[in-house]
Amino acid sequence: MKGMMDFLEKAGLVKRDIPAGLSTNESTNAAATHQTSTPTPTPTDGSPVLTSPVEPGVGVNVTLNLDRIYSDHGVNPSLYPAERLMRLMDGLSAMDPATRQMAINAMDAADESWSIDDPLNDAAAKIQALAAHASSITGSLQQLELETQARLDAVTSRQEKVVGDIRKQMAELEGLVERELSRSAQEIATQEVNMKTAREQIARELAEVAQVSQRLQSLSGQVGVSKTNVQE
């Protein structure tokens, strides 16, 4: 087990407190390892603390507020969170399954403050929280779809009614236009006939006036000649 722990510590996957009696170089190397690794609480009993160069969420475009989701669904803080175990698994990914399992068992056995069940139970609780969150937002989406469809139906119904009313009014206006055009045409024709009749009547009267006037002028001429002859 010690050999496995030494291997994991050299690989940068775990770190242990420096026992008394280490040489200066060993202390310096251990301190450097502590400074370059991910800061984690260090147990006072010398048990190993997991570290990993892999940051959570690397390579994953996560926009969820996971802490809030877990809190809202009652996931309590874990002594050994599932994400910590995932970082360890990422660091051990190059190992074959048997060696990786031995390393995990070594981690579990070296620290009595936690057991492998802690991250597994934490993972199970978070899976349930995520499932509940997914169900909640899916339900919200379905409700939004129903409300949106109801609004769309209302808009379509209103559109059909308004457009139908407008088209009905347009048809009525078209009828009014046709009736007005017909009435106007009749009135125009009547006025034109009246005008023609009036012109013809005036023309006849003017002809009669001219005729009567001509006869009167002829009469005056005849009377005037006779009077002159008598005086002579």
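Residues numbered from 1 in each chain as written. Predicted model: local features only at pLDDT ≥ 70, side-chain atom pairs only at ≥ 80, totals over all residues. Heavy atoms only, no water.

Moving on, we come to the confidence of the model for the protein chain. Scored by pLDDT, the protein chain comes out at a mean of 77, with 69% of its residues at no less than 70. Ignoring residues within four places in sequence, the model shows residues 17-60, a span with pLDDT below 50, making 56 contacts including any to other chains. (pLDDT = per-residue confidence, 0-100. Contact = heavy atoms within 4.5 Å.)

Attention shifts here to the pattern of salt bridges. Under the counting rule described, the total for this entry stands at 6 salt bridges. Lys126 is paired through a salt bridge with Glu83; the nearest N and O atoms lie 2.7 Å apart. Of the two residues, Lys126 is situated in helix H6 (residues 117-231) and Glu83 in helix H4 (residues 82-91); the sequence distance between them amounts to 43 residues. The class for Lys126 is buried, based on a relative accessible area of 11%. Here Glu83 falls in the partly exposed class, since its relative accessible area comes to 22%. For Asp122, the salt bridge goes to Lys126, with nearest N and O atoms at 2.8 Å. Taken together, the residues span about one helical turn, with Asp122 and Lys126 both in helix H6 at a distance of 4 residues. Here the salt bridges share partners, and the residues they tie into one network are Glu83, Asp122 and Lys126. (Salt bridge = Lys/Arg side-chain N within 4 Å of Asp/Glu carboxyl O. Helix = DSSP H or I, 4+ residues; strand = E, 2+ residues; numbered from the N terminus. Buried < 20%, exposed > 50% of the residue type's maximum accessible area, 1.4 Å probe, protein only.)

Given the relative accessible area of 5%, Asp122 is considered buried. For Asp122, the residues in contact, after removing those within four places along its chain, are Val75, Asn76, Ser78, Pro81, Ala82 and Glu83.

When you line up the elements, Thr138 lands in helix H6. Assessed through its relative accessible area of 39%, Thr138 is described here as partly exposed.

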